[in-house]
Amino acid sequence: MARTVLVTGGNRGIGLAIAQAFAKQGDRVAITHRGSGAPEGLFGVQCDITDSAAVDAAFAAVEAELGPVEVLVANAGITDDTLLLRMSEEQFTRVVDTNLTGAFRCAKRASGKMLRARWGRMIFISSVIGLYGGPGQVNYAASKAGLVGVARSITRELGSRNITANVVAPGFIETEMTAVLPAEKKAEYVKAIPAGRLASADEVASVVTWLAGDGAGYISGAVIPVDGGLGMGH
Ligand code: NDP
């Protein structure tokens, strides 16, 4: 059954791979972007997820074009790494406001229509760093760990209405976000990953589409790692 899917930050990187995977299986797919426009075949809405009025307007535009959002993929996110001693409060707050509060804004806006439909899927793109931690990533790790609490609370609140909320925690994926890592840092990570390699964005997308499907209807509040074994033991 075709669903209406919204992927935040679906204009590039992991979000784009997720959006394309849903589109490929015949779903109606909308993505948010911040001015780049939408890749071909996807319905684009401009939205900065740090602005609740913009989130509301984006959902309204998707609803008018494709119908109520049935599957929300809260993917948009940023990093702003620096050591704790040097991290400004603004750096901490900005990352949390985007990655965690941004996901909350979208989930809250999506929940009304999901409740009415008595069906919904929320998938939060976290990171292995959320539970593993990372030097220089106090802000990012806090925001990504926070998503686990969000998904688990939504599960307890809305689980009886056929709404699931899950977290996907990717390890190191080949995107623009990791392209900026110095080569020696990348080699260090690869050494620590049991799979011995970074992953492609498609390897995250396939897990997300599966979680949104009927076969995963009894999975909620889960943290699904897609990290080649890096975070084992979480
Ligand atoms: P990219 O940097 O390639 O893309 C980030 C996306 O988020 C872009 O679409 C960007 O939009 C969007 N975005 C950032 N800030 C905002 C905002 N305020 N409002 C709306 N959209 C925003 O990242 P990836 O594809 O690598 O990462 C996607 C998600 O996966 C992130 O949440 C990231 O933390 C997570 N992740 C990534 C890993 C990796 O190895 N790459 C590993 C683990 C998790 P725009 O184009 O306008 O900038």
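In what follows, the structure referred to is the one given above.
Residues numbered from 1 in each chain as written. Predicted model: local features only at pLDDT ≥ 70, side-chain atom pairs only at ≥ 80, totals over all residues. Heavy atoms only, no water.

Asks: Describe the nonpolar core, with residues and values.
Replies: Residues L6, F59, V62, L72, M122, F124 and I154 are the most contacted members of the largest nonpolar core, which totals 31 residues. Contributing elements (two or more residues each) for this core: α2 (52–66), β4 (71–74), α3 (89–117), β5 (120–125), α5 (138–158) and β6 (163–170). Top element by residues in this core is α3. It accounts for seven residues. Here I154 is in contact with A107, M122, F124, G159 and A165, once residues within four sequence places are set aside. Grouped together as the second largest cluster of nonpolar side chains are 29 residues, V5, V7, I14 and V207 included. (Core = buried A, V, L, I, M, F, W, Y, C linked by side-chain atoms within 4.5 Å. Buried < 20%, exposed > 50% of the residue type's maximum accessible area, 1.4 Å probe, protein only. Helix = DSSP H or I, 4+ residues; strand = E, 2+ residues; numbered from the N terminus. Contact = heavy atoms within 4.5 Å.)

Asks: So, helix α1 (residues 13–24): which residues are in play, and what are the values?
Replies: Relative to the 16 Å expected for twelve residues at 1.5 Å per residue, α1 spans 17 Å between its end C-alpha atoms, a close match to the ideal helical length. Taken residue by residue, α1 has I14, G15, L16, A17, I18, A19 and F22 as its buried positions. One or two residues past the end of α1 sits G26, with phi positive at roughly 95 degrees. (Expected span 1.5 Å × (residues − 1).)

Asks: I'd love a proper account of the pairing of β4, names of residues and values included.
Replies: Going residue by residue along β4, you find V71 and V73 tucked away on one face and L72 and A74 tucked away on the opposite face as well. Bridge count between strand β1 (residues 4–7) and β4: three bridges; the pairing is parallel. Residue pairing in the sheet places L6 in a bridge with L72 of β4. Examined bridge by bridge, β4 and β5 share four bridges and lie parallel to one another. Its bridge partner being in β5, V71 is matched across the sheet by R121. For the crossover from β4 across α3 to β5, the handedness is right-handed. (Pairing = 2+ DSSP bridges. Right-handed = clockwise from strand over helix to strand, strands pointing away.)

Asks: Run through the site of the ligand, naming residues and quoting values.
Replies: The local shell around the ligand holds 27 residues, among which N11, R34, N75, Y140 and T175 are the closest. Between the ligand and D48, the relevant distance is 2.9 Å, taken from a nitrogen atom to a side-chain nitrogen or oxygen of the residue. Computed on the free molecule, the ligand has an accessible area of 900 Å², of which 94% lies beneath the protein chains in the complex. Among the secondary structure elements, those contributing two or more residues to the shell around the ligand are α1, α5 and α6 (176–179). Looking at the shell around the ligand residue by residue, the class counts come to eleven nonpolar, twelve polar and four charged. (Near = heavy atom within 4 Å. Polar contact = N/O pair within 3.5 Å; in protein donor to acceptor, adjacent residues only side chain to side chain. Areas by Shrake-Rupley, 256 points an atom, 1.4 Å probe, with all protein chains shown as cover. Nonpolar A, V, L, I, M, F, W, Y, C, P; charged D, E, K, R; others polar.)

Asks: Give a description of a nonpolar patch on the surface that names residues and reports values.
Replies: Side chains of L84, F92 and V138 sit close together on the surface and give an oily, nonpolar patch of about 260 Å² of accessible area. Residue placement: F92 occurs in helix α3. For F92, a relative accessible area of 30% translates into the label partly exposed. (Patch = residues over 30% accessible without salt bridge, like charges linked within 9 Å, V, L, I, M, F, W, Y side chains within 5 Å. Salt bridge = Lys/Arg side-chain N within 4 Å of Asp/Glu carboxyl O.)

Asks: I'd like a description of the packing of aromatic side chains, backed by residues and values.
Replies: Within this structure, the stated rule accounts for one aromatic pair. Between F172 and Y189, the ring centres sit 4.1 Å apart and the planes meet at 20 degrees, which makes this aromatic pair stacked. With F172 in the loop between β6 and α6 and Y189 in helix α7 (residues 183–192), the pair connects residues that are 17 residues apart, well separated along the chain. Here the basic side chain of R3 rests over the ring of W119, its NZ or CZ set 3.5 Å away from the ring centre. (Phe/Tyr/Trp six-rings, centres within 6.5 Å; stacked < 30°, edge-to-face > 60°. Lys NZ or Arg CZ within 6 Å of the ring centre and 35° of its normal.)

Asks: So what's going on with the side chain of R105? Residues and values would help.
Replies: Examined against the element boundaries, R105 turns out to sit in helix α3. A distance of 2.9 Å separates a polar atom in the side chain of R105 from the backbone oxygen of I49. Residues in contact with R105, not counting those within four places in the same chain, are I49, T50, D51, S52, V55 and D97.

Asks: Hey, could you go over the packing of α1 against helix α8 (residues 201–212) for me, with residue numbers and the actual values?
Replies: Angle between the axes and distance between the axes are the two parameters that describe a pair of packed helices. Here α1 crosses α8 at 50 degrees, and the two axes come no closer than 8 Å. The orientation of α1 with respect to α8, classified from their angle, is oblique. Along this stretch, α1 crosses α8, giving a crossing that reads as right-handed. Facing α1, whose interface residues are G13, I14, A17, I18, A21 and F22, α8 presents A201, D202, V204, A205, V208, T209 and A212. (Axes fitted to C-alpha atoms, helices over the stretch in contact; angles between N-to-C directions. Parallel < 35°, antiparallel > 145°, perpendicular 65-115°, else oblique. Left-handed = near helix turned anticlockwise from the far one by under 90°.)

Asks: How would you explain the sheet that holds β1 if you had to name every residue and give the values?
Replies: Sheet architecture is open: seven strands sit in the order β3-β2-β1-β4-β5-β6-β7, paired in parallel fashion. The sheet is open, and its two edges are formed by β3 (43–46) and β7 (223–226), each paired on a single side. Between one strand axis and the next, the sheet turns by 20 degrees as a mean value, whatever way the strands run.

By themselves, these are just geometric observations and shouldn't be taken as functional.
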